[in-house]
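Fold and contact review
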Amino acid sequence: MTARSVLITGGNRGIGRAIAEAFIANGDKVAVTTRNGDAPDGALGVAADVTDAASVDAAFTEVEQAHGPVEILVANAGITRDTLLMRMSEEDFTEVLDTNLTGAFRVLKRASKGMIRMKKGRVVLISSVVGLYGSPGQINYASSKSGLIGMARSLTRELGSRGITANVVAPGFVRSDMTDELDDATQAKYLQNIPAGRFAEPTEVASVVRWLASEEAGYISGAVIPVDGGLGMGH
Ligand code: NDP
């Protein structure tokens, strides 16, 4: 198999970094966007802020020069600004939408040109169980994450006949610096709703993303794949 050009947004830490490492282990040419210059060993780090179309364009140009057109795009960059609706400012809402949803649109639009030309491409959008299930205090985040489903499905209908697939991965709770900092009582409260009885490891999300980009998954498009230990079953 020839090494493919892979770009992951927000690949300097957390789930994005684990996804980058999975593709590196696969022998692909991996680039990650980063705002602080840090990138996993073996990946090309390119500066980009997904809220800024010009910086996204410059990052793609850099990746294309180094690795060729992006064949696999993982839109992973995301933020939260949690608070209850009554207290949520319009800025809290639009900032999250601009990063999580419009940010995915910006990278998708830029990547689609090369994918159409190559007549192949894999797009994976990192959503969340919250996009299907809802969550108090996360109207902004949940809206952005469910929007990604409409994005992947519309892309599937628009470009599915050009050898391009688009899927959504919806993680539940993933072990991170944030979950590690929760006290035992709070962790236990979250865990009692998760049939698997534990949080996911970032590598468990990464392996699903890598598989969706594999030849074996070539006929899967417009799907929402939960990686949530059963938390969101039925949604
Ligand atoms: P982290 O907070 O650890 O990492 C988020 C990444 O997104 C960082 O690399 C960050 O860059 C990047 N990012 C944020 N804003 C921008 C921006 N404007 N431009 C470019 N990059 C940006 O998050 P996780 O690894 O936990 O989450 C990754 C994805 O998975 C997110 O979309 C999140 O919503 C989703 N998710 C996470 C879950 C979890 O339990 N952790 C559960 C379900 C979904 P920087 O380092 O510069 O800030």
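Nothing here was measured: the structure is a model prediction, and the numbers come from that model. (Residues numbered from 1 in each chain as written. Predicted model: local features only at pLDDT ≥ 70, side-chain atom pairs only at ≥ 80, totals over all residues.)

1. Brief notes about the overall build of the chain
What counts, and what does not: The secondary structure listing takes helices from DSSP runs of H or I that are at least 4 residues long and strands from runs of E that are at least 2 residues long, numbered from the N terminus. Computation of the radius of gyration draws on C-alpha atoms, with the globule rule given as 2.2 Å multiplied by the number of residues to the power 0.38. Partly exposed residues are those whose C-beta has more than 12 but fewer than 20 other C-beta atoms within 10 Å; with 20 or more the residue is buried, with 12 or fewer it is exposed, and the C-beta atoms are placed from the backbone.
In terms of helices and strands, the chain carries eight helices and seven strands. Here the C-alpha atoms of the chain give a radius of gyration of 17 Å, agreeing with the 18 Å that 2.2 N^0.38 yields for 235 residues. Considering only C-alpha atoms, the chain reaches an extent of 50 × 35 × 35 Å along its principal axes. Split into buried and exposed, the 235 residues of the chain put 46% on the buried side.

2. Observations concerning the site of the ligand
The test is simple: Contact assignment follows one rule, namely that a residue is near a molecule or strand if its backbone-placed C-beta atom lies within 6 Å of it. Charged means Asp, Glu, Lys or Arg here, nonpolar means Ala, Val, Leu, Ile, Met, Phe, Trp, Tyr, Cys or Pro, and polar covers whatever is left, Gly included.
Taken together, 26 residues lie near the ligand, and Gly10, Gly14, Arg35, Ala77 and Gly78 sit nearest. Broken down by secondary-structure element, the contributors of at least two residues to the shell around the ligand are helix H1 (14–25) and helix H3 (90–118). A breakdown of the residues in the shell around the ligand according to their chemical character gives nine nonpolar, 14 polar and three charged.

3. Some thoughts on the environment of Val227
For Val227, the position within the fold is in strand E7 (residues 224–227). Accessibility expressed as a C-beta count within 10 Å gives 21 for Val227, which makes it buried.

4. Thoughts on helix H8 (residues 202–212)
Inclusion rule: What counts as a contact here is a pair of residues whose C-beta atoms, placed from the backbone, lie within 7 Å.
Within H8 the residues assigned to the buried category are Pro202, Val205, Ala206, Val208, Val209, Arg210 and Leu212. The inward-facing, buried residues of H8 contact H1, strand E4 (72–75), strand E5 (121–126), strand E6 (164–171) and E7.

5. Some details on the confidence of the model for the chain
In low-pLDDT segments, the atomic positions of the prediction should not be examined closely. Under the convention used in this document: Looking at any residue, its pLDDT shows the predictor's confidence there, from 0 to 100.
Taken over all residues, the pLDDT of the chain has a mean of 96, while the share at 70 or more is 100%. ipTM for the predicted complex: 0.99, alongside a pTM of 0.97.

6. Examining the pairing of E4
We count it as follows: Any two strands with at least two DSSP-identified bridges between them are counted as paired. Crossover handedness is defined here as right-handed if the route from the first strand over the helix to the second strand goes clockwise, with the strands pointing away from the viewer.
Side chains Ile72 and Val74 project from E4 onto one buried face, and the interleaved Leu73 and Ala75 project onto a second face that is buried too. Two elements, strand E1 (residues 5–8) and E4, share three bridges in a ladder whose sense is parallel. When the bridges of E4 are listed, Leu7 appears paired with Leu73. In terms of strand pairing, E4 meets E5 through four bridges, oriented parallel. Directly across from Leu73, in E5, lies its bridge partner Val123. The handedness of the E4 to E5 crossover, carried by H3, is right-handed.

7. Details of unusual backbone geometry
Here the phi dihedral of Lys119 falls at roughly 60 degrees; this positive angle occurs in a residue that is not glycine. With 11 C-beta atoms packed within 10 Å, Lys119 lands in the exposed category.

8. Notes on the environment of Tyr133
By the element assignment, Tyr133 lies in helix H4 (residues 130–133). For Tyr133, a count of 20 C-beta atoms within 10 Å puts it in the buried group. Sequence separation between Tyr133 and His235 is 102 residues, and the spatial gap between their C-alpha atoms is 6.3 Å.

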